[in-house]
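What the coordinates show
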Amino acid sequence: MKETYLEYSSEVKNAIENGLPLVALESTIISHGMPYPENVKTALHCQQIVREHGAIPATIAILNGKLKVGLSDEEIDFLGKEGVKIQKTSRRDIAYNVSNKINGATTVSATMYIASLAGIRIFATGGIGGVHRGAELTMDISADLEELAMTDVAVISAGAKSILDLGLTLEYLETKGIPVIGYNTEVLPAFYCAESDFKVNFRMDTPEIIAHFLKTKYDLRLKGGVLIANPIPHEFSMDKILIDKAIEEAIEEMNTLGIKGKETTPYLLQKIASITKGKSLESNISLVYNNCKLGAQLSAELTKLSK
Ligand code: PSU
Ligand code: MN
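Everything in this summary refers to the structure shown in the same document. (Residues numbered from 1 in each chain as written. Chains lettered and ligands numbered in written order. Predicted model: local features only at pLDDT ≥ 70, side-chain atom pairs only at ≥ 80, totals over all residues. Heavy atoms only, no water.)

Digging into the packing of aromatic side chains
Selection rule: Each aromatic pair joins two rings of Phe, Tyr and Trp (for Trp, the six-membered one) with centres within 6.5 Å, and gets the label stacked for planes under 30 degrees apart, edge-to-face for over 60, and tilted for any other angle. Our definition puts a charge over a ring when NZ of Lys or CZ of Arg is within 6 Å of the ring centre and also within 35 degrees of the ring normal.
This model, assessed by the stated rule, comprises one aromatic pair. Between phenylalanine 191 and tyrosine 192, the aromatic rings sit 4.8 Å apart at their centres with planes inclined by 85°, giving edge-to-face as the arrangement. The residue whose ring lies beneath arginine 91 is tyrosine 113, and the NZ or CZ to ring-centre distance is 5.1 Å.

Here it is, written out as structure tokens:
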């Protein structure tokens, strides 16, 4: 039944038929996470990196009501050019968009769900949504966390941005039973900076070790995702004081403007990029590439273990 709704690119279809390693990639990062044309250039290069490291990229979006797994360059260009005119689509929006044939840029939650329908177990992105600062009043907690609790996909991110409350995000992940793994690190990276005051649950130093852990988790029928935190490469890690100041300023302006809900994350990302004169965007792009590389290596290892 689900096959009626899914549409694979020929590259992805071939990979599924031949049991090749796959890596899912999201599309909100294209339409809402970065400006045009950097968004398109980044999305295409992400796919290239995945291929260079032994896996097949499956960029996911909803186009004309179809759950697309694997996009053409033209489709990526369309999502990038249209930008925020494309609906930011999380889990709750999937059925509506499909039944009304609406285009959707999929967030981490929607991408995880569609990846799992397609049998893809590894997903690389930049940052996940989490518990927002002030959530004790706004209750703004990303649907990404609930998806991680439910859906068997391992998500590689550069930790969580300090536009979120990192401590509360970790508490939430713990409540939901989601393991947080640090790749070559014991601290939860804070997206733009490799360092933070928080610890991951388990440090693992090679893709093989993480793949073995994932296989064990599947074998034990432990439902739900895994968060793999991959620190931003040293040379792109930003000064903590500088970035924290930019984040504070962006949050203050957002509150003055009364921006809420799903507009929050995209607004803050572009505001921080403008305050840092594009430096945060450059860091953002480099950490996404770094995650795509680990995603491909991990998917390749996991495929070896499943044979
Ligand atoms: N963090 C980023 N870039 C992004 C996002 C988060 O650095 O593009 C996007 C992802 O698609 C994520 C979504 O799933 O924002 C979370 O949105 P919200 O906080 O509204 O749940
Ligand atoms: Mn939210």
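Picking up after the structure, the text goes on.
A few points about helix α6 (residues 108-117)
What counts here: When a residue's accessible area, from a 1.4 Å probe over protein chains only, is under 20% of the maximum for its type it is buried; when over 50% it is exposed; and in between it is partly exposed. Numbering goes from the N terminus for both helices and strands, where a helix is a DSSP run of H or I of at least four residues and a strand is a run of E of at least two.
A large share of α6 lies buried, amounting to eight of its 10 residues. Regarding α6, the residues found buried are Val108, Ser109, Ala110, Thr111, Met112, Ile114, Ala115 and Leu117. Of the residues trailing α6, glycine 119 is marked for its positive phi of about 80°.

Here we look at the layout of surface pockets
In this approach, a probe sized like a water molecule rolls over the atoms, and the result shows the empty space that is left. Spelled out, the test is: Throughout, the protein atoms alone are placed on a 1 Å grid, and a set of points is a cavity if a 1.4 Å probe fits but cannot get out or a pocket if it is open with protein on both sides within 12 Å along at least five of seven lines; lining residues have an atom within 4 Å of a point. Grid points are joined across faces, edges and corners, and a volume is the space filled by probe spheres set on the points. Residues are grouped as follows: Ala, Val, Leu, Ile, Met, Phe, Trp, Tyr, Cys and Pro are nonpolar; Asp, Glu, Lys and Arg are charged; every other residue, Gly included, is polar.
Looking at the largest pocket, its volume works out to about 640 Å³. Along its surface, the largest pocket is lined by 34 residues, and Lys88, Thr107, Ser142, Asp144 and Thr265 are the ones closest to its centre. Looking at the lining of the largest pocket, the elements that each hand over two or more residues are α2 (28-31), β5 (87-89), α6, α8 (143-150) and α12 (264-275). Element by element, the count of residues in the lining of the largest pocket is highest for α12, at four residues. In terms of residue class, the lining of the largest pocket is made up of 10 nonpolar, 16 polar and eight charged. For the second largest pocket, the calculated volume is near 290 Å³. Among the elements that line the lining of the second largest pocket, the one with the most residues is helix α11 (residues 240-257), at three residues. The residue makeup of the lining of the second largest pocket, split by class, is five nonpolar, seven polar and three charged.

Looking at the nonpolar core
Operational definition: Residues belong to a common nonpolar core when they are buried Ala, Val, Leu, Ile, Met, Phe, Trp, Tyr or Cys residues joined through side-chain atoms within 4.5 Å.
Grouped together as the largest cluster of nonpolar side chains are 86 residues, with contacts concentrated most on Val69 and Ile272. Here this core takes seven residues from helix α13 (residues 279-306), the largest share from any one element. Ala154, Ile210, Ala211 and Leu294 belong to the second-largest nonpolar core, a separate cluster that totals 15 residues.

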